[in-house]
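As a plain string of letters, each chain reads:
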Amino acid sequence: MSHHPEGSFPALTSEEGSHATLTCALTPPPLAAPLTALALGALLTGPAAPAAGAGRTTTETTVVIEGYEFVPASVTIHAGDSVRWVNKDYDEHTSTSDEPGWDSGAIVPDGDFTQVFPTRGTFSYHCDFHSTLTGKVIVE
């Protein structure tokens, strides 16, 4: 076995004189190339923008039904948040969307109802039992 200085290799030939191919040990495995391309793309373009609502915790806003009123009568929330109606009256009430959307059914005294609002918009609602009891949810 002959000794070769580090980094030098003898010419490889076959008996017929054709050349052999030497594959360098630094060749990345097949999966490494796509991953390297993804990493390079991230470096060139910066971090990806988060999806709408990603990384944000959702919140719950409470509307109290008291004295035949929704308190507050209008709430502003973000898409994905929820509104919880709590009945503190001595009578049953509902939280019912003016347009097709949601209907709590009867909310008994000390009962509650929660509705999630996944999309932006302004949603007016009322109590089915008491026509003067109205409110609005604004979703940004």
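Below: a short report on this structure. As the structure is a computational prediction, the values presented were derived from the model and not from experiment. (Residues numbered from 1 in each chain as written. Predicted model: local features only at pLDDT ≥ 70, side-chain atom pairs only at ≥ 80, totals over all residues. Heavy atoms only, no water.)

### Observations regarding the pairing of strand S3 (residues 74-77)
Consecutive side chains of a regular strand alternate in pointing toward one face of the sheet and then the other.
Part 1 of the reasoning: Alternating positions in S3 separate cleanly, Val 75 and Ile 77 being buried on one face and Ser 74 and Thr 76 remaining unburied on the opposite face.
Part 2 of the reasoning: For S3 and strand S8 (residues 134-139), the ladder comprises four bridges, and the chain directions are parallel. In the strand pairing of S8, Ser 74 is matched with Lys 136. (Buried < 20%, exposed > 50% of the residue type's maximum accessible area, 1.4 Å probe, protein only. Helix = DSSP H or I, 4+ residues; strand = E, 2+ residues; numbered from the N terminus. Pairing = 2+ DSSP bridges.)

### What to know about the pattern of salt bridges
Side chains carrying opposite charge are able to pair once their charged atoms draw close together.
Part 1 of the reasoning: Tallying each qualifying case throughout the model produces two salt bridges.
Part 2 of the reasoning: Note that Asp 112 and Arg 84 form a salt bridge whose closest N and O atoms lie 3.0 Å from each other. With a gap of 28 residues between them, Asp 112 in strand S6 (residues 112-116) and Arg 84 in strand S4 (residues 82-87) connect regions that are remote in the sequence.
Part 3 of the reasoning: By relative accessible area, which is 42% here, Asp 112 ends up partly exposed.
Part 4 of the reasoning: Salt-bridge contacts for Asp 110 lead to Lys 88; the nearest nitrogen and oxygen are separated by 3.7 Å. Residue Asp 110 is found in the loop between strand S5 (96-97) and S6, and its partner Lys 88 is found in the loop between S4 and S5; the two are separated by 22 residues along the sequence.
Part 5 of the reasoning: A relative accessible area of 61% places Asp 110 in the exposed class.
Part 6 of the reasoning: Lys 88 sits in the partly exposed class, given a relative accessible area of 42%. (Salt bridge = Lys/Arg side-chain N within 4 Å of Asp/Glu carboxyl O.)

### Structural notes on the nonpolar core
Part 1 of the reasoning: Core analysis: the biggest nonpolar cluster contains 16 residues, and Val 63, Phe 70, Val 83, Trp 85, Phe 117, Tyr 125 and Val 137 have the highest contact counts within it.
Part 2 of the reasoning: Counting residues per element, the ones that place at least two in this core are strand S1 (60-66), S3, S4 and S8. (Core = buried A, V, L, I, M, F, W, Y, C linked by side-chain atoms within 4.5 Å.)

### A closer look at the sheet that holds S3
Part 1 of the reasoning: Spatial ordering of the open sheet is given by S3-S8-S7-S5, a layout of four strands whose pairing is mixed. On the outer flanks of this sheet lie S3 and S5, each paired with one strand and no other.

### Concerning the sheet that holds strand S2 (residues 69-71)
Part 1 of the reasoning: Strand order in the open sheet formed by four strands is S2-S1-S4-S6, and the pairing between neighbours is mixed. Looking at which strands have only one partner, the edges of the open sheet turn out to be S2 and S6. The average undirected angle you get between the axes of adjacent strands in this sheet is 25 degrees.
Part 2 of the reasoning: Here S1 pairs with S2 via three bridges, running antiparallel. The partner of Ile 65 across the bridge, within S2, is Phe 70. (Axes fitted to C-alpha atoms, helices over the stretch in contact; angles between N-to-C directions.)

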